[in-house]
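Topology and contacts: notes
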Amino acid sequence: MDLLALADFNLVARHGGFGRAARAADRPKATLSRRVADLEANLGVRLFERGSHALKLTQEGRALFERTETLLIEIGEAAAAIASGGEAPRGRLRISAPLLFSQMALGKLSAQFALRYPEVRLEITTEDRAVDMVEEGYDLVIRVNPDPNEHLIGRILLRDRLVAVASADLKRPERDTAVRAVVRASSNQSAWDLTTQEGDVRVSVDPVLRLASLIMIRDAVRTGIGAAVLPLSLVADELRSGALVHWGDVKGRPIEIWALYPSRRLLSARVSAFLEFLKGAFPLGQPEELTAYLTGEIYPPQVEMTNAP
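Presented here is an overview of the structure given in this document. (Residues numbered from 1 in each chain as written. Predicted model: local features only at pLDDT ≥ 70, side-chain atom pairs only at ≥ 80, totals over all residues. Heavy atoms only, no water.)

Attention shifts here to the sheet that holds strand E9 (residues 191-196). An order of E8-E10-E9-E12-E7-E11 is seen for the six strands of this open sheet, with the pairing classed as mixed. If you trace the sheet from one side to the other, it starts and ends with strand E8 (179-184) and strand E11 (228-231), each paired once. Recorded for the sheet is a direction-independent mean angle of 55° between the axes of neighbouring strands. Pairing geometry for E9 and strand E12 (residues 245-250), over two bridges, is antiparallel. Each bridged residue has a counterpart across the sheet, and for Thr195 the counterpart in E12 is Asp249. (Pairing = 2+ DSSP bridges. Helix = DSSP H or I, 4+ residues; strand = E, 2+ residues; numbered from the N terminus. Axes fitted to C-alpha atoms, helices over the stretch in contact; angles between N-to-C directions.)

Here's what the structure looks like:
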């Protein structure tokens, strides 16, 4: 297959027409049209439906575009890196990340990454749904407890766990007594199963507030209005300072935050750089590391050594 013809086909498909592609690339329209026609003849299929006013990809054309667009971009980036004498990260890096992790950490992380790699144009979108990486054009996705996917591979960035917390003024209730609680707006839980120092207990809850954001829930719990179940990383600083107290760990599956990418592709220099940057920020993958990163502290805490008398 003629790679130059394939590149011209991608150019036309990306811009939606021969005229727009020719203007964008400063190339003759007739040359692009001839190259695409030659590619269609070599493949034995029609790639575009040519109407009087519009150009539309055929089913075969769309399949070819979706499978080759990213590969051609990577070939161009590899050639540029070799020509410049190294694999310096550069170009656009598109990432999808969940809401809470984005609100807590990605503002600071993205700014520090951009300062270290000024030739990378980082773009992060926030959404909790499972995006289609290839279809929606993402280089990397960050997900919480993702379902197994044979097309994606990755690594765990952080482990976390859910804990029940409350202000010091709010006492844990006796058995069979419901406690005032702040819960997620979508939650229908009537009790929490906790592991405590005294053993396993079940705490009945009476929701007095239903809020959409975990950060909103944490802020409400600080006032003493009720108890809540929250990720440890979100309340580790409050637990350490005594602003909140720990009632117990929630029984169930632990929280794992993963960075995922398509297994069929070699990692680009910019994706590899971002993964290594995240690993440097959270080398142990512990929830307290996220809190320490946000507060500028060192984790684990450094113990000052003194000489024995």
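Further notes follow.
All right, on to the packing of aromatic side chains then. Counted according to the given criterion, the structure contains six aromatic pairs. Geometrically, the ring pair formed by Phe113 and Phe274 is edge-to-face, given 5.0 Å between the ring centres and 75° between the ring planes. In this pair, Phe113 sits in helix H5 (residues 99-116) while Phe274 sits in helix H9 (residues 269-281), placing the two residues 161 residues apart along the sequence. Like Phe113, the residue Phe274 is buried in the burial classification. (Phe/Tyr/Trp six-rings, centres within 6.5 Å; stacked < 30°, edge-to-face > 60°. Buried < 20%, exposed > 50% of the residue type's maximum accessible area, 1.4 Å probe, protein only.)

One can describe the packing of helix H8 (residues 232-241) onto helix H10 (residues 287-295) by two numbers: an axis separation of 8 Å at closest approach and a directional angle of 65°. Here H8 and H10 pass one another in a crossing that is right-handed. Residue-level contacts link Leu232, Ser233, Ala236 and Asp237 of H8 to Pro287, Glu288, Leu290, Thr291 and Thr295 of H10. Residues belonging to the contact of H8 with H10 are distributed by class as follows: four nonpolar, three polar and two charged. (Left-handed = near helix turned anticlockwise from the far one by under 90°. Contact = heavy atoms within 4.5 Å. Nonpolar A, V, L, I, M, F, W, Y, C, P; charged D, E, K, R; others polar.)

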